[in-house]
Amino acid sequence: MEHRTTKYMNPYLAGFLLGLVLLGSIFITGRGLGASGAIKDTIVSVVSGIAPEHAAESPYYGPLIADQEHSPMKSWLVFELIGVLIGAFVSGLISDRLGFRSEGGPRIQNKTRWMFAVMGGALFAIGAQFARGCTSGAALSGMAVLSTAGFVTMLAIFGTGYLVAFFFRRLWI
Amino acid sequence: MGPFVPDPISFELNLVIALLIGIAFGFVLEQAGFSSSRKLAGLFYGYDFTVLRVFFSAAVTAMGGILLLGFAGLLDTEAIYINPLWLWPAVVGGAIMGVGFILGGYCPGTSFSAAAIGKIDALFFIGGLFLGVFVFAEMFPAWEEFYYSSAFGPVRVFDTLGLSIGWFAFLLIVIALSAFAVTSWIEKRVSASAPSRQFRLRPHSIAAVATVLAGVLLISLPDRKSRVLAMVTAAEHLAACETAFMTADELAFRIIDREPNIQIVDVRDSAAFNSFALPGAMNIQVRNLFDKEWNRLFARRHVKKVLVAEHESDAIAAYHVLDELGYSNLAVLQGGLPLFKQDILSESTHEAVPLHEDVAEFRMSARETINKLIEQERQKPPAVEKKPKKVIGGC
């Protein structure tokens, strides 16, 4: 649990810039940012590659495959997420934050942290399917275009976060 | 006018744009500190509210930008993707994500920006993401019914709350700024190393005042469509701007002549249009003249666009909308459709002043030809209603 002191950007400035990126995306392409959709597209193409019959028959994968004019991997969000990896790496390089390490609360072992990370990721992905998007796609982009879905999802995510935070405080403080 | 997808940006070019937008997205996420799970989790324990600051600033910036671009007529706000609402799935899904956030310390986008700089816990989180989608998809039949329940479509939050868009935008700005102030106060009490301790008050308060002023501005901005529609029906505007007219006889002559460089645009409602329409006329109501899909049609300068309506004044309004949108070579059918019907299409022509022989002869032959053309068009199956091309999106 290494503690880094590298300075981050002023959060309001970062938020303003993030807002401009989101605005640019909507202005040019008509759609906002996203992340969880790229995972879904990848899973769809992996499953339909390994077990095409199973995928075509599945009530979840089936329509997704049938709707696609192109391969699911050729999806907008997959390309965007590849961009995220590149952009974040460049940022880490510039600000000297590259390096293999894990982060967590001061009272927690790496193995426990990893176990909870897998559980958290799985829950996040399941929730994102129900809500048709995660913090980026549903909450942030949804709020920017003033969709009711965006605000409902945002309130549900952060509201529940505060409700359960107390019970998992050992993980973080 | 944006958005530029699906037209004129192609599918392949759009993927390149996706990559570039992703790079900018990832860069800002990492610079903001979203690559640190401890920083993200700080939101829920009060020691670091960076997430709230970045998230709300971004939402307010993008929202304000969309409203301003829409006002300036640079962005077609009706063509952008509005994520549809499935109420209970959104609430339950959001709640599951909330628990996932506390356990995992990341959300999907931030986990990728963290993994890019070598965070091992982020890699485990990403593994969990793939696992979660797979489990969800394999068990889909168990919750399929719930997944599609309480669908409301692409509703907007200000409509849900019964507010105007400008007032809601202003309210959101006020809420965001209050949240910034309150959370900074909490943060300083909870943590000795709170990020807000480093903020200088002056630039931050200037930014806050500017944002409130921008919010006040947003209240008073109507969108371009309502602005133009209000303007073209105002008497001063009509007095100041000239309108070009076309007489019923001239239009009849051009129809018979089958002139290719003419396009009749009928602005009546579709019920009236379906019961009677001039040959070759297109039905576009005044509200829909703004739609991007007609751009190609109206932009053809050598084609005269003849606007017809039941009342001449409606056609004049349409004329000035198109004029305002920058299109040229327009004309209004003088006297509206009733005069055309009376002069050209109907048998009984009791004129106060006897018509010139040539005119009478022309009208008689025109009556026969045009009525035949109208009859022919009626035989044709009704055109399939074209749905406007929508932008795809969502997660």
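On to the overall build of chain A. Along its length, chain A carries eight helices and zero strands. Starting at the N terminus and walking to the C terminus, you meet the elements of chain A as α-α-α-α-α-α-α-α. Along the three orthogonal principal directions, the C-alpha set of chain A runs to about 50 × 40 × 35 Å. Taking all 173 residues of chain A together, the buried fraction comes to 59%. Excluding contacts between residues fewer than 6 apart, the proportion of contacts in chain A whose partners are at least 24 apart in sequence is 59%. Accessible surface, chain A as shown: approximately 7,200 Å² in total, 68% of it carbon and sulfur.

To continue, consider the pairing of strand β4 (residues 262-266) of chain B. Residue and element names in this part refer to chain B. Burial of β4 is extensive: five of the five residues sit out of reach of the surface. Here β4 shows no split at all, with Ile 262, Ile 264 and Asp 266 on one side and Gln 263 and Val 265 on the other all buried. Pairing between β4 and strand β6 (residues 304-308): five bridges, direction parallel. Within β6, the position partnered with Gln 263 by the bridge is Lys 305.

Tracing the chain through its elements places Glu103(A) in the loop between α5 (76-94) and α6 (110-131). Side-chain polar atoms of Glu103(A) contact the backbone nitrogen of Arg38(B), separated by 3.4 Å.

Here the focus is helix α5 (residues 108-116) of chain B. All names here are of chain B. α5 sits mainly inside the fold: nine of its nine residues count as buried. All of the buried residues along α5 are Pro 108, Gly 109, Thr 110, Ser 111, Phe 112, Ser 113, Ala 114, Ala 115 and Ala 116. Of the residues trailing α5, Gly 118 is marked for its positive phi of about 100°.

Looking now at the interface of chain B and chain A. How big an interface is tends to be stated in terms of the accessible area lost upon association of its parts. Between chain B and chain A, the contact holds 124 residues from the first and 121 residues from the second. Of the roughly 11,200 Å² buried between chain B and chain A on both sides combined, carbon and sulfur atoms contribute 76%. Between the two partners, chain B and chain A, sit three salt bridges. Residue composition of the side of chain B that touches chain A, by class: 84 nonpolar, 30 polar and 10 charged.

Moving on to the side chain of Thr42(A). All names here are of chain A. Note that Thr 42 resides in helix α2 (residues 36-50). Assessed through its relative accessible area of 18%, Thr 42 is described here as buried. A polar atom in the side chain of Thr 42 sits 2.7 Å from the backbone oxygen of Ala 38.

Now for the environment of Phe89(A). Tracing the backbone shows Phe89(A) in helix α5. With 37 residues separating them along the chain, Phe89(A) and Ile126(A) place their C-alpha atoms 27 Å apart. Not counting residues up to four positions away in its chain, the partners in contact with Phe89(A) are Leu98(A), Ala116(B) and Ile117(B).

This part is about the confidence of the model for chain B. All names here are of chain B. Looking at chain B, pLDDT values average 86 and 94% of them are 70 or higher. Helix α12 (residues 235-240) is the least confidently modelled element of chain B, averaging 74 in pLDDT, while helix α4 (residues 87-104) averages 96, the highest of any element. Predicted complex, confidence summary: ipTM 0.93, pTM 0.78.

Time to look at unusual backbone geometry. If you check the backbone angles, Arg132(A) has positive phi at about 60° while not being a glycine. Looking at the secondary structure, you find Arg132(A) in the loop between α6 and α7 (135-144). Of the residues examined, Arg132(A) reaches a relative accessible area of 14% and is grouped as buried. The backbone of Asn329(B) sits at a positive phi, close to 60°, despite the residue not being glycine.

For the rest of this paragraph, the subject is the pattern of salt bridges. Across all of its chains, the model carries 11 salt bridges over all chains by this definition. The partner of Arg97(A) in a salt bridge is Glu30(B), and the shortest N-O contact between them spans 2.8 Å. Of the two residues, Arg97(A) sits in the loop between α5 and α6 while Glu30(B) sits in helix α1 (residues 11-32), which places them in two different chains. For the residue pair Arg97(A) and Glu30(B), the accessibility class agrees, reading buried in each case. In this structure, a network of salt bridges that share partners links the residues Asp249(B), Asp343(B) and Arg363(B).

The rules behind each value
- Residues numbered from 1 in each chain as written.
- Chains lettered and ligands numbered in written order.
- Predicted model: local features only at pLDDT ≥ 70, side-chain atom pairs only at ≥ 80, totals over all residues.
- Heavy atoms only, no water.
- Helix = DSSP H or I, 4+ residues; strand = E, 2+ residues; numbered from the N terminus.
- Buried < 20%, exposed > 50% of the residue type's maximum accessible area, 1.4 Å probe, protein only.
- Contact = heavy atoms within 4.5 Å.
- Areas by Shrake-Rupley, 256 points an atom, 1.4 Å probe, with all protein chains shown as cover.
- Pairing = 2+ DSSP bridges.
- Polar contact = N/O pair within 3.5 Å; in protein donor to acceptor, adjacent residues only side chain to side chain.
- Buried area = accessible area lost by both parts, 1.4 Å probe.
- Salt bridge = Lys/Arg side-chain N within 4 Å of Asp/Glu carboxyl O.
- Nonpolar A, V, L, I, M, F, W, Y, C, P; charged D, E, K, R; others polar.
- pLDDT = per-residue confidence, 0-100.

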